[in-house]
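# Chain and residue survey
The primary structure of each chain is shown beneath.
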Amino acid sequence: MDLNKDGLKNMEKGLEINEVEVKTEVSLKERLWIIIPVVLLIGLLTTLIYNHHSEFSWDGLIGGLNYELLIFFLIGVFAQLVDGTLGMGYGATSTSFLLAYGVPPVVSSTAVHVSEMFTTGASALSHHRFGNINKKLVKHLLIPGVLGSITGAYLLSDVINGDVIKPFIAVYMIVLAAIIIKKALKKNIVKKKTKKLSVLAVFGGFMDSVGGGGWGPIVTSTLLGRGRNPRYTIGSVNAAEFAISFASGITFMLFGGIHGWQVIIGLILGGVISAPLAAFLVNKIKRKPMMIAVGILIILLSLKTLSKLL
C-alpha cells in the first residue's frame, strides 16, 4: 500500500512539473509577441538616432515645433484610426493628405514608409493587448508577406515604375469592395475556407511596396469577403503588417535614404498615440457597418487613385 501511495505521489509531482513546464513555455511564447516588436522598434530608433543625429540641432528642433508639425500629427492620428479600426488605409490616407497639403511625393513616400514601421508596431501591440489577434492566421501571412514586400521594394527601387500597375490595383479593389458591401447587406454571411493564404500574402506585400499601399485593402478585404470575423481579421492583418512594413521600410531606407523629418515625427507621434484607441474600437464596432465602411473606403480611395491617373 505504501508503495502504491509513493507511486501516486511521484506521478502527481511529475504531472505538476510537466504542467509548470507547459505554462512556462506558453508564457514565453506569449511574451515573444510583445518582446519582438519592442526590440525591433528600439533597435530601429537607436539606428536612426545614431545615423542621423548630426542632422538635428537644438534650434532646428525648437523651430520644428510649429503649426505644420500639428498638421502632420493630426494626419497621423486620423490615418492610424482608419487603419486600426478597418484594417487598411494608413498609407493611402496619409499619402493623400500629405500630397494635398503640398508635401513633395518623394518626401511623403519616405515619411509614410518610415512612420509605418513605428505605427504598425504600436498597432500590433495594441491589438495583442485587446485580444484581437488570431496567431495562426498571422503565422500564415507573415513570411510570405515579408518576402513579397521586400521583392516589391527592391523592384520599385531599381526595375519598375509603380504608377504603371496602380490602375489595375484600383480596379481590383473596387470590384472587391462591391463584393464586401454585397455580403454585408446579406442577412447571413457564409464563411468559406480561404485557400492559398501564402499567395494572398505575397501579392499583398508586393503590391503594398510597389503601389505605396495595399496590404490592408488586398488582404483584409479578401479575408472579410470570405466571411471571416472582422475583429480577428483586422487585428491579425495589422499584426502581420508590422513585419511587412518593417521589411519594406528597411529596403526603401537602404536604397533611398530618409527625407522630411518633421513629417515623419508628426506621423509617428499621431499614429502611436491613436493605435490603442483604434484597437479598442475594433471590439465596439458591429460587423456589418464595419464591412460597409471598409467597402466604401476602398471605393473612395480607388476612385481617387484612378482620377489621378486618367
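Coordinates for the structure precede this section.
Quick look at the structure, then. Since this is a predicted model, take the numbers as computed values, not measurements.

### A short note on the overall build of the protein chain
Along the backbone of the protein chain there are 12 helices and zero strands. Ordered by position in the sequence, the α and β elements of the protein chain form the string α-α-α-α-α-α-α-α-α-α-α-α. The buried share among the 310 residues of the protein chain stands at 45%.

### Thoughts on the packing of helix α3 (residues 67-86) against helix α4 (residues 90-101)
Packing of α3 against α4 brings their axes to within 8 Å, and their N-to-C directions diverge by 155°. Regarding the angle of α3 to α4, the classification is roughly antiparallel. The two elements α3 and α4 cross, and the hand of that crossing is right-handed. Between α3, through Tyr 67, Glu 68, Ile 71, Phe 72, Ile 75, Gly 76, Phe 78, Ala 79, Gln 80, Val 82 and Asp 83, and α4, the contact on the second element is made entirely by Tyr 90, Thr 93, Ser 94, Phe 97, Leu 98 and Tyr 101. For the contact of α3 with α4, the residue count by class is 11 nonpolar, four polar and two charged.

### Quick word on the packing of aromatic side chains
Tallied over the full model, the rule gives four aromatic pairs. Between the aromatic rings of Phe 78 and Phe 97, the centroid separation amounts to 5.7 Å while the plane-to-plane angle is 90°, which identifies the pairing as edge-to-face. Separated by 19 residues along the polypeptide, Phe 78 in helix α3 and Phe 97 in helix α4 bring together distant segments of the chain. Here the guanidinium or amino end of Arg 129 rests over the ring plane of Phe 130, the centre of that ring lying 5.8 Å away.

### Let's talk about the environment of Ser 123
Tracing the backbone through its elements, the reader meets Ser 123 in helix α5 (residues 105-129). Residue classification places Ser 123 among the buried positions, given a relative accessible area of 1%. Linking Ser 123 and Ala 278, residues 155 residues apart in sequence, is a C-alpha distance of 8.0 Å. Contact partners of Ser 123, with chain neighbours within four places excluded, come to Gln 80, Asn 238 and Ala 275.

### Section: the packing of α3 against helix α11 (residues 261-282)
Between α3 and α11, the shortest axis-to-axis distance is 6 Å and the interhelical angle comes to 35°. Here α3 and α11 pass one another in a crossing that is right-handed. Classifying every residue of the contact of α3 with α11 gives 16 nonpolar, nine polar and one charged.

### Points about the nonpolar core
Where a protein is soluble and globular, its nonpolar side chains tend to be buried together. One finds Leu 98, Leu 141, Trp 215, Val 263 and Leu 267 to be the most contacted residues of the largest nonpolar core, which totals 61 residues. If you tally residues by element for this core, the top one is helix α10 (residues 230-256), at 10 residues. Contact partners of Val 263, with chain neighbours within four places excluded, come to Phe 72, Leu 98, Val 103, Val 107 and Ala 111.

### Comments concerning the environment of Asp 83
Structurally, Asp 83 can be placed in helix α3. We classify Asp 83 as buried; its relative accessible area is 2%. Residues Asp 83 and Ile 234 lie 151 residues apart in sequence; the distance between their C-alpha atoms is 8.9 Å. Beyond its immediate chain neighbours, meaning those up to four positions away, Asp 83 contacts Met 88, Gly 89, Tyr 90, Asn 238 and Glu 241.

### Here's the deal with the side chain of Ser 274
With respect to the helices and strands, Ser 274 occurs in helix α11. A polar contact is formed between the side chain of Ser 274 and the backbone oxygen of Val 77, at a distance of 3.3 Å. In this structure the side chain of Ser 274 is engaged in a polar contact, spanning 2.9 Å, whose partner is the backbone oxygen of Gly 270. Setting aside chain neighbours within four positions, we find Ser 274 in contact with Gly 76, Val 77, Gln 80 and Leu 81.

### Notes on the environment of Pro 276
Among the secondary structure elements, Pro 276 is positioned in helix α11. For Pro 276, a relative accessible area of 36% puts it in the partly exposed group. In the structure, Pro 276 is positioned 154 residues away from Ala 122 in sequence and 7.6 Å away in space, judged by C-alpha atoms.

Conventions used here
- Residues numbered from 1 in each chain as written.
- Predicted model: local features only at pLDDT ≥ 70, side-chain atom pairs only at ≥ 80, totals over all residues.
- Heavy atoms only, no water.
- Helix = DSSP H or I, 4+ residues; strand = E, 2+ residues; numbered from the N terminus.
- Buried < 20%, exposed > 50% of the residue type's maximum accessible area, 1.4 Å probe, protein only.
- Axes fitted to C-alpha atoms, helices over the stretch in contact; angles between N-to-C directions.
- Parallel < 35°, antiparallel > 145°, perpendicular 65-115°, else oblique.
- Left-handed = near helix turned anticlockwise from the far one by under 90°.
- Contact = heavy atoms within 4.5 Å.
- Nonpolar A, V, L, I, M, F, W, Y, C, P; charged D, E, K, R; others polar.
- Phe/Tyr/Trp six-rings, centres within 6.5 Å; stacked < 30°, edge-to-face > 60°.
- Lys NZ or Arg CZ within 6 Å of the ring centre and 35° of its normal.
- Core = buried A, V, L, I, M, F, W, Y, C linked by side-chain atoms within 4.5 Å.
- Polar contact = N/O pair within 3.5 Å; in protein donor to acceptor, adjacent residues only side chain to side chain.

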